[in-house]
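# Observations on the model geometry
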Amino acid sequence: MKFMSVSENKGENTAEGRVYELGYLLAPTIKEEEVPAVYGNLKELILSLGGEVISDEMPRMMSLAYTMVKVVTNVRNKFNTAYFGWVKFYMKPEKVLELKAKLDLDPEFVRFLITKTVKENTIAAKRFVRDDMSHRKAPAAKKDKDAGPAPEINKEEIDKEIDAMVAV
Amino acid sequence: MKQDYFSVNNIKYIDYKDVEILKKFLNPNGRIVSHKRTGLTAKNQRALAMAVKHARFLGLLPFVAK
């Protein structure tokens, strides 16, 4: 029943509109110094459409999991790297379509994804990874304990074997 | 994983950007692990599938890995 509240949050409609998230990839052809400018323009675009930024992350260079292709002015461009960034914002549903239409025409964006989300921070803290690590190690530790008494038995067997060898 | 990973860790919204968590639910080929093996609730398994697909679209995860 815990999860019911989440689905209610997803459909959250306030005066400012709904919570959306825009994840995007900027073309690697943009120079490092010019990235903040592009990022600033994007924020302005959101504000101009009556949006309100909740949280965001600066675009940073990353290698893509696969090669992406985008045709800009009849030229097929291949990308193996891109600047990945995201913005979370409030916006009215009808304005989001306008935002999408504008981004579609922008040659600086390799790809983008607009999703409905919740206003809370959705990236889990790192401790979850650690919890899982300890969980994974636990069975291995048990094995060691099981292995503890085993050598003693082996020693006796070895002694017997040695005696047998000596006897021969 | 016997218990639902997301309920255990109190993760209410499965985020496509959280690649480290999503990777736990991919096999070496980059395919989504079945709910039988993940032990997730049906709802979370669906949300996971959606998150993985979003991450693939933005190049955070591969569609196929060697």
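The structure displayed is predicted, hence computed values, not measured ones. Starting from 1, residues in each chain are numbered consecutively following that chain's sequence as written. Labels follow written order: the first chain is A, the first ligand is 1, and so on. Under the rules for a predicted model, residues below a pLDDT of 70 receive no local features and side-chain atom pairs below 80 are neither given nor counted, while totals for whole chains, interfaces and linings still include all residues. For the side-chain quantities, the full set of heavy atoms in the structure was used; hydrogens and water were omitted.

Looking now at a negative patch on the surface. Patch construction takes residues with relative accessible area above 30% that form no salt bridge. Like charges are linked within 9 Å, and nonpolar side chains (Val, Leu, Ile, Met, Phe, Trp, Tyr) are linked within 5 Å. Calculation of accessible area relied on Shrake-Rupley with a 1.4 Å probe; when residues are assessed, cover is drawn exclusively from the protein chains displayed. One side-chain nitrogen of Lys or Arg within 4 Å of one carboxyl oxygen of Asp or Glu is enough to make a salt bridge. Asp and Glu count as negative and Lys and Arg as positive, but His and the ends of the chain are not part of the count. Charge placement uses NZ in Lys and CZ in Arg. For Asp and Glu, CG and CD serve respectively. Together, A:Glu156, A:Glu157, A:Asp159, A:Glu161 and A:Asp163 make up a region of like negative charge exposed at the surface. Mapped onto the secondary structure, A:Glu157 falls in helix α5 (residues 150-167). The helix count covers DSSP runs of H or I at least four residues long, the strand count covers runs of E at least two residues long, and both are numbered beginning at the N terminus.

Moving on: the environment of B:Asn29. All names here are of chain B. Here Asn-29 lies in the loop between α2 (19-23) and α3 (35-38). Asn-29 sits in the partly exposed class, given a relative accessible area of 38%. In this structure, the C-alpha to C-alpha distance between Asn-29 and Ala-65, residues 36 residues apart in sequence, is 4.7 Å. The contacts of Asn-29, once residues within four sequence positions are left out, are Phe-63, Val-64, Ala-65 and Lys-66. Burial here depends on accessible area, computed with a 1.4 Å probe over protein chains only, as a share of the maximum for the residue type. Under 20% is buried, over 50% is exposed, and the range in between is partly exposed. Working rule for contacts: check all heavy atoms of both residues, and any pair within 4.5 Å makes them a contact.

To continue, consider the pattern of salt bridges. Counted according to the given criterion, the structure contains five salt bridges over all chains. One salt bridge connects A:Asp56 with A:Lys43, and the closest N-O pair in it is separated by 2.9 Å. Taken together, the residues span a long stretch of sequence, with A:Asp56 in strand β2 (residues 52-72) and A:Lys43 in helix α2 (residues 35-48) at a distance of 13 residues. The network of salt bridges with common partners includes A:Glu21, B:Asp15 and B:Lys17.

So, about the side chain of B:Thr38. All names here are of chain B. Assignment of secondary structure puts Thr-38 in helix α3. Under this definition, polar contacts are N or O atom pairs within 3.5 Å; protein pairs additionally need one hydrogen-donor-capable and one acceptor-capable atom, and for neighbouring residues in sequence, both atoms have to be side-chain atoms. Within the structure, Thr-38 has its side chain in polar contact with the backbone oxygen of His-35 (distance 3.4 Å). A polar contact is formed between the side chain of Thr-38 and the side chain of Gln-45, at a distance of 2.8 Å.

Bringing the sheet that holds strand β4 (residues 109-116) of chain A into the picture now. All names here are of chain A. Strand pairing requires that DSSP identify at least two bridges connecting the strands. Overall, antiparallel pairing links the four strands, which are arranged β2-β3-β1-β4 in an open sheet. Of all the strands in the sheet, just β2 and β4 have a single pairing partner and so form its edges. Neighbour-to-neighbour, the strand axes of the sheet open up by a mean angle of 20°, direction not taken into account. The strands that α2 touches are β1 (18-26), β2, β3 (75-91) and β4; relative to β2, the one it contacts most, it runs at about 120°. To get an axis, fit a line to the C-alpha atoms, keeping to the stretch in contact for a helix; angles then go from 0 to 180 degrees between the N-to-C directions.

A word on the packing of aromatic side chains. Stacked, tilted and edge-to-face pairs are distinguished by plane angle, under 30 degrees for stacked and over 60 for edge-to-face with tilted covering the rest, among Phe, Tyr and Trp rings (Trp via its six-membered ring) whose centres lie within 6.5 Å. Counted by the stated rule, this structure contains seven aromatic pairs over all chains. For the pair A:Phe109 and A:Phe112, a centre-to-centre distance of 6.4 Å together with 80° between the ring planes defines the contact as edge-to-face. Across this residue pair, the class does not change: A:Phe109 and A:Phe112 are buried. On the numbers, 5.4 Å between centres and 25° between planes, the contact of B:Phe6 with B:Phe25 is stacked. In this pair, B:Phe6 is assigned in helix α1 (residues 5-8) and B:Phe25 in the loop between α2 and α3, connecting sequence segments 19 residues apart. Both residues of the pair, B:Phe6 and B:Phe25, belong to the buried class. Put simply, the rings of A:Tyr24, A:Phe109 and A:Phe112 touch in pairs and so form one group of aromatic residues. The criterion is that NZ of a Lys, or CZ of an Arg, lies within 6 Å of the ring centre and within 35 degrees of the ring normal, and then a charge sits over that ring. Over the aromatic face of B:Tyr16 sits the side chain of B:Lys17, whose NZ or CZ is 5.2 Å from the ring centroid.

Everything listed here is a matter of geometry and, on its own, says nothing about what the molecule does.
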